[in-house]
Amino acid sequence: MGSGLGRMRGRKYFSASGKKTLRFRPSHFVSTQPKTKKTKTKPTVPVRWRQEVERILITDEQLAKRIKILAREIEKDFRGREMVVVSLLSGTVMFLADLIRHLNLPLRLDFIGVSSYGLGTESGELVFTKELRLDVRGRDVLLVDDILDTGKTMSRVLPKLELLKPRRIKTCVLLDKPARRTFDIEADFVGFEIPDLFVVGYGLDFAERYRNLPFVGVLHPHIYKEVIQRVIQK
Ligand code: PRP
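Undergrad: What is the right way to read the site of the ligand from this model?
TA: Looking at the ligand, there are 17 residues lining it, with G91, S116, D149, T150 and T153 nearest. Those elements that provide at least two residues to the shell around the ligand are β3 (83-89), β4 (107-117), β6 (140-148) and α3 (152-162). Of all the elements, β6 adds the most residues to the shell around the ligand, at 4 residues. Tallied by class, residues from the shell around the ligand come to 4 nonpolar, 8 polar and 5 charged.

Spelled out as structure tokens, the structure:
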């Protein structure tokens, strides 16, 4: 059966929030509350991280709320089936833990290790560091990743999974950065659509750091510029 390698691009998103920096999928907009003027203050970066993180893009509260909704959407899609969750290491660590604890379905969990070794913020050559161990033949698979950026990782992993003959594969990413896409691919379930900013935290790293931040933040450009400069000078 198969997934058809994710969905082709061009599906329309709705931007009912009017926010230009962060877009949520339609289900996130449904509100029965009357519109009132909100005077929410901007979340502030904890002092410890202020030198490195410019601002918070998605707070821990927004993450928790959205992930619960995502889990419900996935549940609806997989109801009546035993699913195999295949998660890509290592960026999914926090997202995965929060997502699966809200999935009220029988599931089995396995990991594929895949990393791109590139310069600074650019994704480079893909290296597989861990293969799948569970048998997914005839199973319903949910492939989970933290971010869909150029689409290279998904485009390499999906055909590999297809060879194992699952019944179907659905893809789920916490973040989608369509502005950077070079491979024609879309995820079936998306937490947040984000603009082209270098984000870290909640599992996402820069040079293996910042994965432990409880929020998704925008990295100060001086941090990655310094590292790139150092690599170039070597
Ligand atoms: C990151 C991220 C995605 C991939 C997305 O992985 O976790 O898997 O890049 O980028 P793409 O759409 O351009 O392929 P990375 O190789 O940095 O490994 P990590 O998960 O260990 O951080």
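Undergrad: What's the story with α3 in this structure? I'm lost.
TA: Since the α-helix turns once every 3.6 residues, residues separated by three or four places project in the same direction. Buried within α3 are the following residues: T153, M154, V157 and L161. Along the long axis of α3, the arc covered by the buried residues comes to 85 degrees, so they all point the same way. Contact partners of the buried residues in α3: β3, β4, β5 (125-130), β6 and β7 (168-176).

Undergrad: Looking at this structure, I do not really get the sheet that holds strand β10 (residues 216-219). What am I missing?
TA: Think of a sheet as strands paired side by side through backbone hydrogen bonds, with each pair either parallel or antiparallel. A sheet is described by the order of its strands in space; here 3 strands give the open sequence β2-β10-β9, paired in antiparallel fashion. Each end of this open sheet is capped by a strand with a single partner; those strands are β2 (53-58) and β9 (199-200). Sheet topology note: the β9/β10 ladder contains 2 bridges and is antiparallel. Counted as the bridge partner of V199 is V218 from β10.

Each value, and the rule that gives it
- Residues numbered from 1 in each chain as written.
- Predicted model: local features only at pLDDT ≥ 70, side-chain atom pairs only at ≥ 80, totals over all residues.
- Near = placed C-beta within 6 Å.
- Helix = DSSP H or I, 4+ residues; strand = E, 2+ residues; numbered from the N terminus.
- Nonpolar A, V, L, I, M, F, W, Y, C, P; charged D, E, K, R; others polar.
- Buried ≥ 20, exposed ≤ 12 C-beta atoms within 10 Å, placed from the backbone.
- Arc of directions from axis to C-beta.
- Contact = placed C-beta atoms within 7 Å.
- Pairing = 2+ DSSP bridges.

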